[in-house]
Amino acid sequence: MFRIVELLGLCAPLVGAAIAVYYRRRLGGAFGIALVAAVIASIASIVGVVTGKVMWFGSGGAEGITHRMELGAGIRNLLLVLAWALLLLVIVRRPARRAQAR
(Lines give C-alpha, C1' and ligand atoms only; values in the text may rest on other atoms or scores of the structure.)
Protein backbone atom coordinates (compact mmCIF):
# COMPACT_ATOMS: atom_id res chain seq x y z
CA MET A 1 0.00 0.00 0.00
CA PHE A 2 2.81 2.40 0.87
CA ARG A 3 4.44 1.77 -2.52
CA ILE A 4 1.23 2.79 -4.28
CA VAL A 5 1.09 6.04 -2.34
CA GLU A 6 4.78 6.63 -3.10
CA LEU A 7 4.18 6.07 -6.82
CA LEU A 8 1.20 8.44 -6.78
CA GLY A 9 3.40 11.06 -5.12
CA LEU A 10 6.02 10.62 -7.83
CA CYS A 11 3.41 10.94 -10.57
CA ALA A 12 1.75 14.08 -9.15
CA PRO A 13 4.24 16.54 -10.75
CA LEU A 14 3.92 14.66 -14.04
CA VAL A 15 0.15 15.07 -13.88
CA GLY A 16 0.74 18.77 -13.24
CA ALA A 17 2.88 18.96 -16.36
CA ALA A 18 0.18 17.18 -18.35
CA ILE A 19 -2.43 19.65 -17.10
CA ALA A 20 -0.15 22.56 -18.07
CA VAL A 21 0.26 21.09 -21.57
CA TYR A 22 -3.49 20.57 -21.87
CA TYR A 23 -4.23 24.20 -20.89
CA ARG A 24 -1.26 25.72 -22.71
CA ARG A 25 -3.40 28.10 -24.75
CA ARG A 26 -5.16 29.43 -21.68
CA LEU A 27 -1.87 29.86 -19.84
CA GLY A 28 -0.40 31.97 -22.63
CA GLY A 29 3.06 33.23 -21.75
CA ALA A 30 2.92 31.55 -18.35
CA PHE A 31 3.01 28.08 -19.94
CA GLY A 32 6.81 27.86 -19.86
CA ILE A 33 6.95 28.81 -16.20
CA ALA A 34 4.27 26.23 -15.35
CA LEU A 35 6.23 23.53 -17.14
CA VAL A 36 9.46 24.51 -15.36
CA ALA A 37 7.60 24.34 -12.02
CA ALA A 38 6.39 20.83 -12.85
CA VAL A 39 9.93 19.73 -13.77
CA ILE A 40 11.33 21.18 -10.52
CA ALA A 41 8.61 19.40 -8.52
CA SER A 42 9.49 16.15 -10.33
CA ILE A 43 13.15 16.60 -9.39
CA ALA A 44 12.07 17.22 -5.78
CA SER A 45 10.12 13.96 -5.80
CA ILE A 46 13.10 12.08 -7.16
CA VAL A 47 15.36 13.63 -4.49
CA GLY A 48 12.91 12.43 -1.83
CA VAL A 49 12.94 8.86 -3.13
CA VAL A 50 16.72 8.76 -3.59
CA THR A 51 17.27 10.18 -0.10
CA GLY A 52 15.10 7.45 1.38
CA LYS A 53 17.21 4.78 -0.29
CA VAL A 54 20.69 6.30 0.08
CA MET A 55 20.46 7.33 3.73
CA TRP A 56 21.64 3.90 4.84
CA PHE A 57 24.95 4.11 2.96
CA GLY A 58 27.97 5.89 4.35
CA SER A 59 29.65 6.22 7.67
CA GLY A 60 28.65 7.95 10.88
CA GLY A 61 26.15 5.51 12.30
CA ALA A 62 22.78 6.87 13.37
CA GLU A 63 24.08 10.44 13.34
CA GLY A 64 25.24 10.08 9.73
CA ILE A 65 21.90 8.63 8.68
CA THR A 66 20.08 11.51 10.36
CA HIS A 67 22.36 14.03 8.66
CA ARG A 68 21.74 12.52 5.23
CA MET A 69 17.99 12.45 5.87
CA GLU A 70 17.98 16.11 6.93
CA LEU A 71 20.06 17.15 3.93
CA GLY A 72 17.79 15.31 1.48
CA ALA A 73 14.63 16.67 3.10
CA GLY A 74 16.05 20.20 3.04
CA ILE A 75 16.91 20.00 -0.66
CA ARG A 76 13.51 18.50 -1.46
CA ASN A 77 11.69 21.19 0.50
CA LEU A 78 13.68 24.00 -1.13
CA LEU A 79 12.84 22.62 -4.58
CA LEU A 80 9.17 22.35 -3.66
CA VAL A 81 9.12 25.94 -2.37
CA LEU A 82 10.69 27.06 -5.64
CA ALA A 83 8.05 25.14 -7.61
CA TRP A 84 5.27 26.72 -5.53
CA ALA A 85 6.74 30.19 -6.08
CA LEU A 86 6.82 29.58 -9.81
CA LEU A 87 3.21 28.40 -9.76
CA LEU A 88 2.23 31.58 -7.92
CA LEU A 89 4.02 33.53 -10.65
CA VAL A 90 2.00 31.61 -13.24
CA ILE A 91 -1.21 32.65 -11.48
CA VAL A 92 -0.15 36.29 -11.59
CA ARG A 93 0.99 36.15 -15.23
CA ARG A 94 -1.99 34.19 -16.56
CA PRO A 95 -4.05 36.31 -18.95
CA ALA A 96 -7.41 37.54 -17.70
CA ARG A 97 -10.49 35.75 -19.01
CA ARG A 98 -11.82 38.88 -20.67
CA ALA A 99 -8.56 39.28 -22.56
CA GLN A 100 -8.79 35.67 -23.75
CA ALA A 101 -12.28 36.20 -25.16
CA ARG A 102 -11.16 39.06 -27.38
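Please refer to the structure placed before this passage.
My aim in this report is to walk through the structure given alongside it, one point at a time. (Residues numbered from 1 in each chain as written. Predicted model: local features only at pLDDT ≥ 70, side-chain atom pairs only at ≥ 80, totals over all residues. Heavy atoms only, no water.)

## Details of the side chain of Thr51
In this fold, Thr51 is placed in helix H3 (residues 31-54). What makes Thr51 buried here is its relative accessible area of 16%. Look past the residues within four positions of Thr51 in its chain and what remains in contact with it is Arg68, Met69 and Gly72. (Helix = DSSP H or I, 4+ residues; strand = E, 2+ residues; numbered from the N terminus. Buried < 20%, exposed > 50% of the residue type's maximum accessible area, 1.4 Å probe, protein only. Contact = heavy atoms within 4.5 Å.)

## Notes on a nonpolar patch on the surface
Together, Ile46, Val50, Val54, Trp56 and Phe57 give the surface a local cluster of nonpolar side chains, amounting to about 540 Å² of exposed area. With respect to the secondary-structure elements, Ile46 resides in helix H3. (Patch = residues over 30% accessible without salt bridge, like charges linked within 9 Å, V, L, I, M, F, W, Y side chains within 5 Å. Areas by Shrake-Rupley, 256 points an atom, 1.4 Å probe, with all protein chains shown as cover. Salt bridge = Lys/Arg side-chain N within 4 Å of Asp/Glu carboxyl O.)

## Side note on the packing of H3 against helix H4 (residues 61-93)
Contact geometry of H3 with H4 gives a least axis separation of 8 Å together with a crossing angle of 165°. The orientation of H3 relative to H4 falls into the category roughly antiparallel. Crossing of H3 against H4: the hand is left-handed. Looking at the contact of H3 with H4, its residues break down into 20 nonpolar, three polar and three charged. (Axes fitted to C-alpha atoms, helices over the stretch in contact; angles between N-to-C directions. Parallel < 35°, antiparallel > 145°, perpendicular 65-115°, else oblique. Left-handed = near helix turned anticlockwise from the far one by under 90°. Nonpolar A, V, L, I, M, F, W, Y, C, P; charged D, E, K, R; others polar.)

Function cannot be read off these values alone, since they describe shape.
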